[in-house]
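Below are the chains, spelled out letter by letter.
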Number of protein chains: 2
Amino acid sequence: MNDSTTVSTVPQGVTAEFKFLSGVRIVDFTQFEAGPSCTEALAWLGADVVKIENPKMGDPGRRLRPGLPDTDPYYFHVFNANKKSITVDLKSASGLNLVKDMLKKADVTIENFAPGAIERLGLGYDVVKALNPGIIYAQVKGFGEGSPYEKNLAFDMIAQACGGTFSVTGDRDGPPTRPGISLGDTGTGMLMAITILGALFKRRETGEGHRLQVAMQDAIMHYMRINFATQGLTGKAAERGGSKVVGVNNAPMGLYPCAPGGPNDYAYIMTSRANPDHWDRLLKLIGREDLIGDKRYLTPADRVAREAEVDEIIATWTRQRSKHDTMRLIGEAGIPAGAVLDTMELHNDATFEQRGIMQTMKHPLHRDFKMPGWPVRVDGKPSTIKASPVLGEHTDSVLAEWLGLSGDDVGKLRGEGALG
Amino acid sequence: MNDSTTVSTVPQGVTAEFKFLSGVRIVDFTQFEAGPSCTEALAWLGADVVKIENPKMGDPGRRLRPGLPDTDPYYFHVFNANKKSITVDLKSASGLNLVKDMLKKADVTIENFAPGAIERLGLGYDVVKALNPGIIYAQVKGFGEGSPYEKNLAFDMIAQACGGTFSVTGDRDGPPTRPGISLGDTGTGMLMAITILGALFKRRETGEGHRLQVAMQDAIMHYMRINFATQGLTGKAAERGGSKVVGVNNAPMGLYPCAPGGPNDYAYIMTSRANPDHWDRLLKLIGREDLIGDKRYLTPADRVAREAEVDEIIATWTRQRSKHDTMRLIGEAGIPAGAVLDTMELHNDATFEQRGIMQTMKHPLHRDFKMPGWPVRVDGKPSTIKASPVLGEHTDSVLAEWLGLSGDDVGKLRGEGALG
């Protein structure tokens, strides 16, 4: 199907090419992460996703630098697997016409340019709808239409600050803190992917197109709902609690330091308020049977009142064990526990690759790169990762497949500067 | 359609009932957040989502306490809007048969019980597939099949610790920190919703059912991809950087303290490395034209080398202004900036309700509750929020609609204890 397709190095048969969206054509104007994470999810489900890229530097997420070697392809890899790339100069008349011809053949188009940019390119909703009334036209912006900030640029950090996640992350007495994941981007992309798929489902029946719009600030609030629920109960803004969960009154619960004391040598342990056995089991495991039934620590409320003492009882034991042993032993005692794992530990844990959750992208230009793929399994298998496209790699093949253009036709367009 | 449907108080016509999934029937066994967030997204797109609940306490996310008043409905509200609830005792033979009859009529079923529980109930994949070969059978667990921890319970915090988010959140020299959002739950639910929708789309063509499975640990890694990309470049585990973005070498960038100095009085400011004008514009805005062209701060690299000095230059100005003024003034200068907003500030900002992003849930038992709804707009409108269901509210109406049962039939089932 795709001449650049390469196979990853996970065990044979562990992954499969998903075909759920086979035949669905997507004209993809997206850049960086919020848009590309959305179209990559659709590509992993089998859609034919064609990136329309600027001939000079492409998606700025490629991090190409004029005149310098391409040495940082990883950001682009992780958000653009399984897609195709064509280069088109949208500022040339024949380039713009070419893209309009593609939009006539498309089921979906999506962009996340700065506010107003797609309209300035001559590809606003009204134009595209007139070309193809059945198209699903999707837009991702930083702030919503009607927001006082609707014209502002936003990056992930801005959307997260304005959507609330900073306010609930960090130490109780410290400043707000950025969560270390790009939820403003990928979190938004996932909500748009869901809505596009809903529209596609209905469209099989009605043939109707729709305009879909999401703002990153608004999308972040979707992921903040548990904090809004806490506020509903307390009547005040949700607070930060370090690694404790504010609003869940139970102890012990939290992060405990483990041997040998490195920056990520911690394990999360969570006894259940609803299951009083957890505390007794934990005391037994750590050799503190003497405290079973001790009135100071009898109920969840007692333990919350003496949380620092309770935490130290646990930490005295965890400090002598690795986080992996802590997770295993506490887990075996039937108490939820998890080691804090960093990206290198996850990378080096072979069980992820054996299950196809991590796969190695093989790429025609760049070194092999192991990355997480689509984590939902269909009939036991995750979706196979294919290479992210080289800039313009599929210009000829896509123009032939979508528009029936011959090599001569494409050569002519190239001569006119339409393709860069 | 639904006798308990109540209308929210957003301005007339700002929201709309989405019909993308109208006619899609979902038998929903989910509880807490990871599963319910998935089916709520599908309900907001128009699916008929029926929660099968334990007659005594229902979904434990209801936080009902035996013999005590129901005073904490907020957690349940935010993850169960627009759904129906029926009560069934799955341990009674006629209750189990009733649910099997519903599964025969369903397009999708989903559960997120502890590992092995759905099989013990007699509703494992093979059983349900035999009843309805076209069903999409979805499962959410903490750890993946084949993981050393596949039998372990996981809650959001455990999945986040083991999936990497703690390792990249918090101060550079401090301990790993829990991001204050429940990404292990809702983040997983969104990826399952996408996959269910992909399967539903294809099923319109093929009629084929599928088994879908996702693990919360694996799902978290999807949201960690930017950190895996950073690791690809540096060759070492992604690190924490407080509110700086590790791997993005630019200054100024980060969180700056604002007046009057409250716990969330900060603004994020981000100058672009690619746009050298940002620094000069910022200096002009803050009245430090004297530093324009100053060799100490000329290039991004110079400013990174003197980051503490650069940050103090900015903070001297931001400390004298509110975060809202900071956001507005810096934004107007064309530099991305965002105030850190907490849940109460978001709650009190009327522009969200005017745009239908926040809506007020009106509920037959509980007080009005303002909450974020589905943030993606379709043809300009977000989806209308309807009440979360009272436990068992729709038992009679769903059994009539789905199975054609009469009031007498339902009374008989009730007499047998099938419905609790």
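Residues numbered from 1 in each chain as written. Chains lettered and ligands numbered in written order. Predicted model: local features only at pLDDT ≥ 70, side-chain atom pairs only at ≥ 80, totals over all residues.

Participant: Is there a simple way to explain the overall build of chain A in this structure?
Facilitator: Across its full length, chain A holds 17 helices and 12 strands. By its C-alpha atoms, chain A is 85 × 50 × 50 Å across when sized along the principal axes. Per-residue burial over chain A gives 56% buried out of 420 residues. Looking at chain A alone, contacts between residues at least 24 apart form 70% of all its contacts between residues at least 6 apart. (Helix = DSSP H or I, 4+ residues; strand = E, 2+ residues; numbered from the N terminus. Buried ≥ 20, exposed ≤ 12 C-beta atoms within 10 Å, placed from the backbone. Contact = placed C-beta atoms within 7 Å.)

Participant: For this particular structure, what's the right way to read helix α1 (residues 34–44) of chain B?
Facilitator: Along an α-helix, residues three or four positions apart point the same way, because every turn accommodates 3.6 residues. Residues and elements named next belong to chain B. With 11 of its 11 residues buried, α1 lies for the most part within the structure. Within α1, the full set of buried residues consists of Ala34, Gly35, Pro36, Ser37, Cys38, Thr39, Glu40, Ala41, Leu42, Ala43 and Trp44. Once α1 ends, the next one or two residues include Gly46, with phi positive near 110°.

Participant: Any chance you could explain the sheet that holds strand β8 (residues 266–270) of chain A here in plain terms?
Facilitator: What holds strands together in a sheet is hydrogen bonding between their backbones, with the strands either parallel or antiparallel. All names here are of chain A. Here we have 3 strands laid out as an open sheet, ordered β7-β8-β9, and antiparallel in their pairing. Two strands in the sheet have a free side with no partner beyond their single neighbour: β7 (253–257) and β9 (337–339). Ignoring which end each strand starts from, the neighbouring axes of this sheet average 20° apart. Relative to β8, β7 runs antiparallel, the two being bridged by 5 bridges. (Pairing = 2+ DSSP bridges. Axes fitted to C-alpha atoms, helices over the stretch in contact; angles between N-to-C directions.)

Participant: Can you help me understand the packing of helix α7 (residues 183–206) of chain A against helix α8 (residues 216–223) of chain A in this one?
Facilitator: When two helices pack together, you describe them by how their axes are tilted relative to each other and by the distance separating the axes. All names here are of chain A. Running from amino to carboxyl end, α7 crosses α8 at an angle of 85°, the nearest separation of the two axes being 9 Å. In terms of orientation, α7 lies roughly perpendicular with respect to α8. Between α7 and α8, the residues in contact are Leu183, Gly184, Gly187, Thr188 and Leu191 and Met216, Ala219, Ile220, His222 and Tyr223, respectively. Residues that form the contact of α7 with α8 fall into these classes: 6 nonpolar, 4 polar and no charged. (Parallel < 35°, antiparallel > 145°, perpendicular 65-115°, else oblique. Nonpolar A, V, L, I, M, F, W, Y, C, P; charged D, E, K, R; others polar.)

Participant: How should I be thinking about the interface of chain A and chain B in this particular structure?
Facilitator: The interface is formed by 109 residues belonging to chain A together with 110 residues belonging to chain B. Among the residues making up the side of chain A that touches chain B, the classes are represented as 64 nonpolar, 30 polar and 15 charged.

Participant: Even after reading the chapter, I still don't get the pairing of strand β3 (residues 84–87) of chain A, so can you show me in this structure?
Facilitator: Residues and elements named next belong to chain A. Residues Lys84 and Ile86 line one face of β3 and the alternating positions Ser85 and Thr87 line the opposite face, and both faces are buried. Note: strand β2 (residues 48–53) against β3, 4 bridges, orientation parallel. In the strand pairing of β3, Val50 is matched with Lys84.

Participant: When you look at the domain arrangement of chain A in this model, what are you seeing that I'm missing?
Facilitator: By a widespread convention, an interface's size corresponds to the accessible area lost as its parts come together. When its domains are assigned, chain A resolves into domain 1 (25–223 + 349–415) and domain 2 (253–257 + 266–339). One C-alpha centre belongs to domain 1 of chain A, the other to domain 2 of chain A, and the line joining them spans 44 Å. (Domains from an automatic or database assignment.)

Participant: Whenever I open this one, the relation of the copies chain A and chain B confuses me. Can you help?
Facilitator: Put simply, the second copy of the chain is the first one after a rotation about an axis and a shift along it. With an RMSD of 0.0 Å, chain A superimposes on chain B once it is rotated by 180° and translated 0.0 Å along the axis. Interpreted geometrically, this transformation is the action of a two-fold axis. A shared interface surface links the copies, since 100% of the contact residues of chain A are contact residues in chain B too. (Least-squares fit on C-alpha atoms with pLDDT ≥ 70 in both.)

Participant: Help me understand the sheet that holds strand β5 (residues 136–141) of chain A in this model?
Facilitator: Spatially, β3(A)-β2(A)-β1(A)-β4(A)-β5(A)-β6(A)-β12(B) is the arrangement adopted by the 7 strands of the open sheet, whose pairing is mixed. Strands at the two margins of the open sheet, each flanked by one partner only, are β3 of chain A together with β12 (377–378) of chain B. Where β5(A) lies against strand β6 (residues 210–215) of chain A, 6 bridges are found, and the strand directions are parallel. Looking at the pairing, Tyr137(A) lines up with Arg211(A) of β6(A).

Participant: Can you walk me through the confidence of the model for chain A in this structure?
Facilitator: Low pLDDT means the predicted coordinates in that region are not meant to be read closely. Residue and element names in this part refer to chain A. The pLDDT averaged across chain A works out to 95; a share of 98% of its residues lies at or above 70. For chain A, the element scoring lowest by mean pLDDT is helix α11 (residues 300–305), at 93; strand β1 (residues 25–28) scores highest, at 99. Note on residues 1–8: pLDDT is under 50 here. Beyond four places in sequence and across chains, it has 18 contacts. (pLDDT = per-residue confidence, 0-100.)

Participant: It is not clear to me how the environment of Gly331(B) should be interpreted in this structure. Could you clarify?
Facilitator: In this structure, Gly331(B) sits in helix α13 (residues 323–332). The class of Gly331(B) is buried, set by 23 C-beta atoms lying within 10 Å. Sequence-wise, Gly331(B) and Asp379(B) are 48 residues apart; in three dimensions their C-alpha atoms are separated by 28 Å. When near neighbours in sequence (up to four residues on either side) are disregarded, Gly331(B) contacts Tyr149(A), Asn152(A) and Ala337(B).

Participant: Looking at this model, I keep getting lost on the packing of helix α6 (residues 156–163) of chain A against α8(A). Mind explaining?
Facilitator: All names here are of chain A. Direction vectors running N to C along α6 and α8 enclose 55°, while the axes themselves pass 8 Å from each other. Here α8 runs oblique to α6, going by the angle between their axes. Here the hand of the crossing between α6 and α8 comes out right-handed. In this structure, α6 contributes Ala159, Gln160, Cys162 and Gly163 to the contact, and α8 contributes Met216, Gln217, Ile220 and Met221. Of the residues contributing to the contact of α6 with α8, the split by class is 5 nonpolar, 3 polar and no charged. (Left-handed = near helix turned anticlockwise from the far one by under 90°.)

Participant: What should I look at first to understand the environment of Arg321(A) in this one?
Facilitator: All names here are of chain A. As for its placement among the helices and strands, Arg321 is situated in the loop between α12 (307–318) and α13 (323–332). The spatial distance from the C-alpha of Arg321 to the C-alpha of Pro260 is 7.8 Å, given a sequence separation of 61 residues. Non-local contacts of Arg321, meaning those with residues more than four positions away in its chain, are made with Cys258, Ala259 and Thr326.

Participant: Mind showing me how you'd approach the nonpolar core here?
Facilitator: Grouped burial of nonpolar side chains is what soluble globular proteins tend to show. Core analysis: the largest hydrophobic core is formed by 239 residues, its most contacted members being Leu42(A), Ile196(A), Leu42(B) and Ile196(B). Setting aside anything within four residues of it in sequence, one finds Leu42(A) in contact with Leu21(A), Ile26(A), Ala47(A), Val49(A), Ala193(A) and Ile196(A). (Core = buried A, V, L, I, M, F, W, Y, C linked by C-beta atoms within 7 Å.)

Participant: Just checking my understanding: could you explain the environment of Pro276(A) for this structure?
Facilitator: Residue and element names in this part refer to chain A. Looking at the secondary structure, you find Pro276 in the loop between β8 and α10 (277–285). The exposure class of Pro276 is partly exposed, given the 13 C-beta atoms found within 10 Å. For the pair formed by Pro276 and Ala305, sequence separation is 29 residues and the distance between their alpha carbons is 16 Å.

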